[in-house]
Amino acid sequence: VNCLNIEKMEWYGKEYQRKQSLQILAEKKELTKTSARKFNFPNQQPGIFRSAHEMWPEMMVSELKRVRTPGTIIIGAGPSGLAAAACLKRKGVPSLILEKENCLAPLWKLKTYDHLSLHLPKKYCELPYMTFPPEFPRYPTKQQFINYLEAYAEHFSIQPIFKQDVQRAWFDANMNFWRLKTNETEFVCRWLIVATGENAEPVLPEITGISDFGGKMLHTRSYKNGTDFKGSKVLVVGCGNSGMETSLDLSNNGAQVSLVVRDKLHVLPREILGRSTFAVSLWLLKWFPVKLVDRFLLLCSWLILGDTHQVGISRPPVGPLELKNITGKTPVLDVGAINKIKSGEIKVVPGIQRFTNKGAEFVNGKVEEFESVILATGYTSNVPSWLKDCEFFDKQRGYPKIPFSNKWKGKNGLYSVGFTGQGLFGASIDAKRVAEAIWRQWSSQMKHLQLGKQV
């Protein structure tokens, strides 16, 4: 690897830091156009500011194979990464986002179905320091949320470096820095934030004969809508939120849908008496223990949805919130699929024994033919594939191993955002905590540097 010498690397790092700091001062209106002219910006008019990310092409990429950044590198330009960058910027700490795809929020833009909407009310899905537009509905659509994320990035002048696939990241104890190798460049930084999320890679089930199926088979990441499946027999494998919503969409578009329900699960109404079930749960947990709140939620579910056991969906012996705390498994929030199951428009089938060339054989011995199979089998973290020699993340599941309340904080300047199992709500909390922790270290280092210059 052709590496820039250390002296030149440090010069570029200082230039990056100088431009980032100047932009922050300008945004706070603490810098006038007159004082701005004291700084030399290449190819830039005095008093007009560009972020360090805009300076990136002329500063670094054209020359460097190794880049040392003075602040933080964030991996992932989804909601978690954007939230982390915004919180750091509010604190005056420079950061750089690396994203392997060519756009913001690639999971939302490229790998979700058209009819997706937020499962929780918008006030629980807002990223730090910016609310949703008031005209947005309580549960914004996929496209509305994408628009919000783009506006969020623009508001905070967040400009990720795209097409940077991190292939390896490790802590260099000799340098006391993190080192990252992408498909193009090696980066060096003091703090590293993992914001790739819990849904980085699709989970593909290992079922006997799956490769023998002769019809159309796809994961929900490739499913957009049910218009192409009208009149066809479709088997949906997986009964989480994506499986239920995909089955509902297929049925609404005229497909004959069978839904595989292999395990016991909790299905709750999305709202109780006009209020979000999530909001009701949060309020009740302030006053009552989890077990008692679970009993209330199950009673409401029985009154609103009926006995799901009668339609082939059995509930676990542990309540929905307690189960979430123990296993991380989120209850399904119903948006209409249960009524379709009751009416017979969606057929519930047991687990699959094996696939055949034309369909599937189920564990009860029945065999059915299907034209298409959609795998709603979820996603998993890909962190273990590139984060090396690190005890912070579990090597099997790719989640932080430490207790829930401290899942955002590792060692040697390693942090995570978006791995608490609490969705966008949890990611926003993580981002603020991480930014506060890094800011304290950053401020301490800046004071030492200033003292050193005075001496």
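One can find the structure itself at the top, above this paragraph.
A few points on the structure. (Residues numbered from 1 in each chain as written. Predicted model: local features only at pLDDT ≥ 70, side-chain atom pairs only at ≥ 80, totals over all residues. Heavy atoms only, no water.)

**Quick look at the pattern of salt bridges**
How we decide: Here, a salt bridge means any Lys or Arg side-chain nitrogen found within 4 Å of an Asp or Glu carboxyl oxygen. Only runs of H or I of at least four residues qualify as helices and only runs of E of at least two qualify as strands under DSSP, and these elements are numbered from the N terminus. Categorising residues by exposure relies on relative accessible area from a 1.4 Å probe, with only protein chains included: less than 20% of the type maximum marks a residue as buried, more than 50% marks it as exposed, and the intermediate range marks it as partly exposed.
Using the criterion set out here, one finds 14 salt bridges in the structure. Residues K100 and E201 are paired through a salt bridge, measuring 3.4 Å at the closest nitrogen-oxygen approach. Of this pair, K100 sits in the loop between β3 (95-99) and α5 (106-110) while E201 sits in strand β9 (residues 201-202), and the two are 101 residues apart along the sequence. Judged by relative accessible area, K100 falls into the partly exposed class, the value being 37%. With a closest N to O distance of 2.8 Å, K347 and E368 form a salt bridge. Here K347 is found in strand β17 (residues 346-349), whereas its partner E368 is found in strand β20 (residues 367-369), with 21 residues between them in sequence. Taken together, the salt bridges that share partners define one network made up of K91, E436 and R440.

**Remarks on helix α9 (residues 290-305)**
Our working rule: In this scheme, a helix's expected span is set at 1.5 Å multiplied by one less than its residue total. Directions are taken from the helix axis to each C-beta atom, and the arc is the one they span. The contact criterion used is simple: two residues touch if any of their non-hydrogen atoms lie within 4.5 Å.
Helix length check: α9, at 16 residues, gives a terminal C-alpha distance of 22 Å against a target of 22 Å (1.5 Å per residue), a fit within 8%. Of all the residues in α9, the buried ones are V293, D294, L297, C300, S301 and L305. All buried residues of α9 fall inside an arc of 130° around its axis, so they share one side. Away from the buried face of α9 by more than 90 degrees, exposed residues K291, R295, W302 and L303 are located. Of the surrounding secondary structure, the elements contacted by the buried residues of α9 are β13 (267-269), β14 (271-272), α8 (277-285), α10 (320-327), β16 (332-334) and α11 (337-343). G306 lies just past α9 and shows a positive phi near 90°.

**Some details on the pairing of strand β21 (residues 372-375)**
Here is the rule: Whether two strands pair depends on DSSP finding at least two bridges between them.
Going residue by residue along β21, you find S372 and I374 tucked away on one face and V373 and L375 tucked away on the opposite face as well. Relative to β21, strand β10 (residues 216-219) runs parallel, the two being bridged by 4 bridges. Looking at the pairing, H219 lines up with L375 of β21. By the bridge criterion, 4 bridges tie strand β11 (residues 233-237) to β21 in an arrangement that is parallel. Looking at the pairing, V237 lines up with L375 of β21.

**Remarks on the nonpolar core**
Inclusion rule: Put simply, buried Ala, Val, Leu, Ile, Met, Phe, Trp, Tyr and Cys residues joined by side-chain atoms within 4.5 Å make one nonpolar core.
Among the nonpolar cores identified, the biggest contains 80 residues, and L82, Y148, I193 and L250 are the most heavily contacted of them. For this core, the leading source of residues is helix α12 (residues 423-454), giving 9 residues. Core analysis: the next-biggest nonpolar cluster, separate from the first, contains 20 residues, I161, L180, W386 and F419 among them.

**Quick notes on the sheet that holds strand β6 (residues 177-181)**
Note the threshold: Each axis is a line fitted through C-alpha atoms, and for a helix only the stretch in contact is used; angles between axes span 0 to 180 degrees, taken between their N-to-C directions.
Pairing is mixed across the open sheet formed by 4 strands, whose spatial order is β1-β7-β6-β5. Edge positions in the sheet fall to β1 (66-68) and β5 (168-172), since each has one partner strand and no second. On average, adjacent strands in this sheet sit at an angle of 20° to one another, irrespective of strand direction. Here 5 bridges tie β5 to β6, and the two strands are oriented antiparallel to one another. Its bridge partner being in β6, A169 is matched across the sheet by L180.

**Things to note about the packing of helix α4 (residues 79-91) against helix α6 (residues 142-155)**
Quick note on the threshold: What sets the label is the angle itself: under 35 degrees gives roughly parallel, over 145 gives roughly antiparallel, 65 to 115 gives roughly perpendicular, and the rest give oblique. Left-handed is the label given to a crossing in which the near helix is rotated counterclockwise from the far helix by less than a right angle, and right-handed is the label when the rotation is clockwise. Under the scheme applied here, ten amino acids are nonpolar (Ala, Val, Leu, Ile, Met, Phe, Trp, Tyr, Cys and Pro), four are charged (Asp, Glu, Lys and Arg), and all others, including Gly, are polar.
One way to put it is that α4 packs onto α6 with a least axis distance of 10 Å and a crossing angle of 25°. Comparing their axes, α6 and α4 come out roughly parallel. For the element pair α4 and α6, the recorded crossing hand is left-handed. Of the residues in α6, those touching α4 at P79, L82, A83 and A86 are F145, L149, Y152 and A153. Residue composition of the contact of α4 with α6, by class: 8 nonpolar, no polar and no charged.

**Remarks on the environment of L323**
The topology assignment puts L323 in helix α10. Separated by 57 residues in the primary sequence, L323 and H266 place their C-alpha atoms 9.3 Å from one another.

**Some remarks on the packing of α9 against α10**
Two elements in contact, α9 and α10, have axes whose closest approach is 7 Å; the angle formed by their N-to-C orientations is 125°. One finds that α9 runs oblique with respect to α10. Residues V290, K291, V293, D294, L297 and L298 of α9 form the contact with α10, whose own contacting residues are P320, L321, E322 and N325. Per-class residue counts for the contact of α9 with α10 are 6 nonpolar, 1 polar and 3 charged.

**Comments concerning helix α7 (residues 241-252)**
Every α-helical turn comprises 3.6 residues, leaving residues that sit three or four positions apart pointing alike. Helix length check: α7 (12 residues) gives 16 Å between terminal C-alpha atoms against 16 Å at 1.5 Å per residue, within 8%. A large share of α7 lies buried, amounting to 11 of its 12 residues. By the burial criterion, the buried members of α7 are N241, S242, G243, M244, E245, T246, S247, L248, D249, L250 and S251. Note on α7: the residue one or two positions beyond its end, G254, has a positive phi of about 90°.

**A look at the environment of I161**
Inspection of the secondary structure puts I161 in strand β4 (residues 161-162). Residue class for I161 comes out buried when judged on its relative accessible area of 9%. Residues I161 and G76, spaced 85 residues apart in sequence, show a C-alpha to C-alpha distance of 9.9 Å.

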